[in-house]
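# Architecture and fold: a report
If you want the building blocks of each chain, they are given just below.
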Amino acid sequence: MPVTIHRIDDRLIHGQVVVGWGTPLDLEFIVLMDDQIAETEWEQDLYKCGTTSRIQIIFATVADTIANYSKYNADTRNGMILTGSVSSMLQLIEGVSSIKHVNVGGLHHSAGKQKKLRYVYLDQSDIEAMHHIKEHGVDITAQDVPSARPVTLEEILKGED
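Anyway, here's the lowdown on the structure attached to this text. All of these numbers come straight from a predicted model, not from anything done at the bench. (Residues numbered from 1 in each chain as written. Predicted model: local features only at pLDDT ≥ 70, side-chain atom pairs only at ≥ 80, totals over all residues. Heavy atoms only, no water.)

Our next topic: the overall build of the protein chain. When helices and strands are counted, the protein chain shows 6 helices and 9 strands. A compact globule built from 161 residues should have a C-alpha radius of gyration of about 15 Å, and the protein chain, at 15 Å, falls within 12% of that. Principal-axis analysis of the C-alpha atoms gives the protein chain an extent of 40 × 30 × 30 Å. Counting only residues that meet the buried cut, the protein chain has 49% of its 161 residues in that class. Contacts in the protein chain between residues far apart in sequence, at least 24 positions, make up 69% of those at least 6 positions apart. (Helix = DSSP H or I, 4+ residues; strand = E, 2+ residues; numbered from the N terminus. Rg over C-alpha atoms; globule rule 2.2 N^0.38 Å. Buried < 20%, exposed > 50% of the residue type's maximum accessible area, 1.4 Å probe, protein only. Contact = heavy atoms within 4.5 Å.)

Spelled out as structure tokens, the structure:
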């Protein structure tokens, strides 16, 4: 089974990812793609506490994820590539041409970000990165849980919820 979902969620591993997405998609591994966390053992230990023993967590830098993407995609288990930023997902897409869809799950309020959806706040660099992702032929939708209606990039940028 190829990588089932490519998700941007700034909370990374939490209940909505593990239960909300993990259960219906029958996820058995998550590649947590974050340069800092990939190098920080105590942060890795914290994220491991947020999941079940059934789901393997692989901590990887963006470069490592690009280098190992074909291995993850050839895995017989269902998997997720998860990152906390739009810019990291853009880097992955620039390095891996086979990705066709990105799910925006949660980008929460922080300084300089504007509310687009109740769970998506973006700054100008996020918006530009999303446009670049789309230019690579990748469909972007926001969806906090699988049962919610996917919100198109156009709707996200307009701020429709």
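The 7 strands are arranged β3-β2-β4-β1-β5-β8-β9 in an open sheet whose pairing can be described as mixed. Each edge of the open sheet carries a strand with a single partner, namely β3 (56-60) and β9 (151-152). Judged from the 2 bridges that link them, strand β8 (residues 139-142) and β9 form a sheet pairing that is antiparallel. If you follow Ala142 over to β9, its bridge partner there is Val151. (Pairing = 2+ DSSP bridges.)

To continue, consider the pattern of salt bridges. When their charged atoms lie close together, side chains carrying opposite charge are able to pair. Within the structure shown, the criterion is met by 8 salt bridges. For Arg54, the salt bridge identified is with Asp26, shortest N-O distance 3.2 Å. Of this pair, Arg54 sits in the loop between α2 (41-48) and β3 while Asp26 sits in the loop between α1 (15-25) and β2 (27-33), and the two are 28 residues apart along the sequence. Owing to a relative accessible area of 41%, Arg54 belongs among the partly exposed residues under this scheme. The shortest N-O distance in the salt bridge between Arg118 and Asp144 comes to 3.0 Å. Taken as a pair, Arg118 in the loop between β6 (114-117) and β7 (120-122) and Asp144 in the loop between β8 and β9 lie far apart in primary sequence, 26 residues in all. The network of salt bridges with shared partners includes Arg7, Asp9 and Arg11. (Salt bridge = Lys/Arg side-chain N within 4 Å of Asp/Glu carboxyl O.)

On to the packing of helix α4 (residues 86-95) against helix α5 (residues 124-135), then. Running from N to C, α4 and α5 cross one another at 25 degrees; their axes reach a closest spacing of 9 Å. By the angle between their directions, the pair α4 and α5 is classed as roughly parallel. The crossing of α4 and α5 is left-handed. Between α4 and α5, the residues in contact are Val86, Met89, Leu90 and Ile93 and Asp126, Ala129, Met130, His132 and Ile133, respectively. Broken down by class, the residue content of the contact of α4 with α5 amounts to 7 nonpolar, 1 polar and 1 charged. (Axes fitted to C-alpha atoms, helices over the stretch in contact; angles between N-to-C directions. Parallel < 35°, antiparallel > 145°, perpendicular 65-115°, else oblique. Left-handed = near helix turned anticlockwise from the far one by under 90°. Nonpolar A, V, L, I, M, F, W, Y, C, P; charged D, E, K, R; others polar.)

Within the fold, Asn103 resides in strand β5 (residues 101-106). At 3.3 Å, the side chain of Asn103 forms a polar contact with the backbone oxygen of Gln143. Setting aside anything within four residues of it in sequence, one finds Asn103 in contact with Ile5, His6, Arg7, Ile8, Trp21, Thr141 and Gln143. (Polar contact = N/O pair within 3.5 Å; in protein donor to acceptor, adjacent residues only side chain to side chain.)

Moving on, we get to α4. Looking only at α4, the buried set comprises Val86, Ser88, Met89, Leu90, Leu92 and Ile93. Its buried side turned inward, α4 meets β1 (3-9), β2, α3 (62-74), β4 (78-83), β5 and α5.

Turning next to the environment of Ser70. Along the chain, Ser70 falls in helix α3. Measuring from C-alpha to C-alpha, the distance between Ser70 and Val96 comes to 8.9 Å, with 26 residues separating the pair along the chain.

One non-glycine residue, Leu12, lies in the positive phi region at around 60 degrees. Within the secondary structure layout, Leu12 lies in the loop between β1 and α1. Positioned with a positive phi, Asp26 is a non-glycine residue whose angle comes to about 55 degrees. On the accessibility criterion, Asp26 (39% relative accessible area) is partly exposed.

None of the figures reported here should be taken as evidence of function without further support.
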